Amino acid sequence: QVQLAESGGGLVQPGGSLRLSCAASGSIFSINAMGWYRQAPGKQRELVATITSGGSTNYADSMKGRFTISRDNAKNTVYLQMNSLKPEDTAVYYCRADIRYYSGSVYYVHWGQGTQVTVSP
């Protein structure tokens, strides 16, 4: 069984910063891509950023320059540093990881439970 545990969400004022963390645990052989997605009320889930096991990153245009994704492969953990937050960044942020188990050869997509980020005065 594999679990993704997210932390770091909360309430922040416009212009503020938050750092999200997501740690994967369980019978993990390897993790390929990891990433963050978000879903605002009444909207579809959208990409925030992804990072490969080798460290290559990809960002949604609206997050470039404000958000930074990173990962610690030894800890099976991905981070999202969010700066210059805006009210429109308010959403539930979900962690995603493509995980291969010890017992298999296929990568499966796993999602975290989500963490709320609210940007408000």
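Below or above, wherever it landed, is the structure these notes cover. From a predicted model like this one, the values you see are computed outputs, not experimental measurements.

So, how was this worked out
- Residues numbered from 1 in each chain as written.
- Predicted model: local features only at pLDDT ≥ 70, side-chain atom pairs only at ≥ 80, totals over all residues.
- Heavy atoms only, no water.
- Core = buried A, V, L, I, M, F, W, Y, C linked by side-chain atoms within 4.5 Å.
- Buried < 20%, exposed > 50% of the residue type's maximum accessible area, 1.4 Å probe, protein only.
- Helix = DSSP H or I, 4+ residues; strand = E, 2+ residues; numbered from the N terminus.
- Contact = heavy atoms within 4.5 Å.
- Pairing = 2+ DSSP bridges.
- Axes fitted to C-alpha atoms, helices over the stretch in contact; angles between N-to-C directions.
- Salt bridge = Lys/Arg side-chain N within 4 Å of Asp/Glu carboxyl O.
- Phe/Tyr/Trp six-rings, centres within 6.5 Å; stacked < 30°, edge-to-face > 60°.
- Lys NZ or Arg CZ within 6 Å of the ring centre and 35° of its normal.

## Notes on the nonpolar core
Ranked by size, the top nonpolar core spans 31 residues in total, and within it Trp36, Leu80, Met82 and Tyr93 carry the most contacts. The set of elements that each furnish at least two residues to this core consists of β1 (2–7), β3 (18–26), β4 (28–39), β5 (46–51), β7 (67–72), β8 (77–82), β9 (91–101) and β11 (115–119). At 5 residues, the largest contribution of residues to this core is made by β9. Aside from chain neighbours lying at most four places away, what touches Leu80 is Leu18, Arg19, Leu20, Trp36, Val48, Phe67, Thr68, Ile69 and Tyr93.

## Structural notes on the sheet that holds β3
Overall, antiparallel pairing links the 4 strands, which are arranged β1-β3-β8-β7 in an open sheet. Edge positions in the sheet fall to β1 and β7, since each of these pairs with one other strand and no more. Between one strand and the next, the sheet's axes are offset by a mean angle of 15 degrees, whatever the strand orientation. Where β7 and β8 come together, 6 bridges link them in antiparallel fashion. Of the residues in β8, the one forming a bridge with Ile69 is Leu80.

## Structural notes on the environment of Gly65
Structurally, the position occupied by Gly65 is in the loop between β6 (57–59) and β7. On the basis of relative accessibility, which here comes to 85%, the residue Gly65 falls in the exposed class. Gly65 sits 17 residues away from Met82 along the chain, and the two C-alpha atoms are 9.6 Å apart.

## Things to note about the pattern of salt bridges
Oppositely charged side chains can pair when the atoms bearing their charge come close. Applying the stated criterion across every chain, the model contains 5 salt bridges. Three or more residues are tied together by salt bridges with common partners; here these are Arg38, Glu46, Arg66 and Asp89.

## Overview of the pairing of β8
Counting buried residues along β8, 5 of its 6 residues qualify, which places the element largely inside the surrounding structure. Relative to β8, β3 is paired through 6 bridges, and the arrangement is antiparallel. Within β8, the residue paired with Ala23 across the bridge is Thr77. Count of turn residues in the β7/β8 antiparallel hairpin: 4 residues, of which Asn76 carries a positive phi of about 50 degrees.

## Remarks on the packing of aromatic side chains
The geometry of an aromatic ring pair is captured by two quantities: the separation of the ring centres and the angle between the planes. This structure, assessed with the given rule, holds 3 aromatic pairs. Between Phe29 and Tyr102 the ring centres are 5.7 Å apart and the planes differ by 80 degrees, which places this aromatic pair in the edge-to-face class. With a gap of 73 residues between them, Phe29 in strand β4 and Tyr102 in the loop between β9 and β10 (107–111) connect regions that are remote in the sequence. Accessibility expressed as a relative area gives 44% for Phe29, which makes it partly exposed. Judged by relative accessible area, which is 60%, Tyr102 ranks as exposed. Taking 5.1 Å as the distance between ring centres and 70 degrees as the angle between the ring planes, the aromatic pair formed by Tyr37 and Trp111 counts as edge-to-face. Taken together, the positions of Tyr37 in strand β4 and Trp111 in strand β10 put the pair 74 residues apart, joining distant regions of the chain. We classify Trp111 as partly exposed; its relative accessible area is 36%. A cation sits over an aromatic face here: Arg19 above Tyr79, 4.1 Å from the ring centre. Seen from the ring of Tyr94, Arg45 lies directly overhead, with NZ or CZ sitting 3.8 Å from the centre.

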